[in-house]
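Structural description and commentary
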Amino acid sequence: MNARALVAWNVRRIRVERGIPQEQLAYDARIDRSYMGRIEQKKENPTIDLLDRIAATFDIHLSELFAEPANGAMPPSRCLGDASRTASAEIGSNYSGEPFCS
């Protein structure tokens, strides 16, 4: 896995494990939400300063964003709080905006 793919994997993994919607992570790290989405999709090559802000937002060391996944590890699942239209469609119109990750 190349560095961009590792970052994408780990940002999404940590975010989903913690139940943080993509929009909230982007806001806390002071990044545009669509840019955060492109980082997770391996479409962007973020600067080290930006990666440092993401790591600080997660309260982890920067090196954790480059950790190799275990052999056979499954990609992180989708956090339903990522997009209100998805959340509403999947869990009903009473979605409160609270993180809900599977």
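Overview of the structure.

**A look at the overall build of the protein chain**
Along the protein chain, the regular secondary structure elements total 5 helices and 0 strands. Along its sequence from the N terminus, the protein chain presents helices and strands in the succession α-α-α-α-α. Expressed as a percentage of the 102 residues in the protein chain, the buried residues total 39%. Of the contacts made within the protein chain by residues no fewer than 6 positions apart, 60% connect residues no fewer than 24 positions apart.

**Observations regarding unusual backbone geometry**
For K42, which is not glycine, the phi dihedral falls at a positive 65°. Mapped onto the secondary structure, K42 falls in the loop between α3 (33-40) and α4 (48-58). For D59, which is not a glycine, the phi torsion comes out positive at approximately 60°. By secondary structure assignment, the location of D59 is in the loop between α4 and α5 (84-91). For D59, a relative accessible area of 71% translates into the label exposed.

**Focus on α4**
In an α-helix there are 3.6 residues to a turn, and that puts residues three or four apart on one side. Among the residues of α4, those classed as buried are L50, L51, I54, A55 and F58. The buried residues of α4 occupy one face: seen down the axis, they fall within an arc of 140°. Along α4, exposed side chains directed more than 90 degrees from the buried face belong to D49 and A56. Buried-residue contacts for α4 involve α1 (3-17), α2 (22-28) and α3. Directly after α4, the chain includes D59, whose backbone phi takes a positive value near 60°.

**Description of α1**
Between its terminal C-alpha atoms α1 stretches 21 Å, which fits the 21 Å expected from 15 residues at 1.5 Å a residue. All of the buried residues in α1 are A5, L6, V7, A8, W9, N10, V11, I14, R15 and V16. The N-capping residue of α1, defined by a side-chain oxygen 3.1 Å from the backbone nitrogen of R4, is N2.

**Quick notes on the nonpolar core**
One finds V11, I31, M36, I54, F58 and L65 to be the most contacted residues of the largest nonpolar core, which totals 17 residues. Taken together, the elements giving at least two residues each to this core come down to α1, α2, α3 and α4. For this core, the element with the most residues is α4, which contributes 5 residues. Leaving out residues up to four positions away in the same chain, F58 has contacts with V11, I14, R15, R18, I20 and L25.

Parameters and conventions
- Residues numbered from 1 in each chain as written.
- Predicted model: local features only at pLDDT ≥ 70, side-chain atom pairs only at ≥ 80, totals over all residues.
- Heavy atoms only, no water.
- Helix = DSSP H or I, 4+ residues; strand = E, 2+ residues; numbered from the N terminus.
- Buried < 20%, exposed > 50% of the residue type's maximum accessible area, 1.4 Å probe, protein only.
- Contact = heavy atoms within 4.5 Å.
- Arc of directions from axis to C-beta.
- Expected span 1.5 Å × (residues − 1).
- Polar contact = N/O pair within 3.5 Å; in protein donor to acceptor, adjacent residues only side chain to side chain.
- Core = buried A, V, L, I, M, F, W, Y, C linked by side-chain atoms within 4.5 Å.

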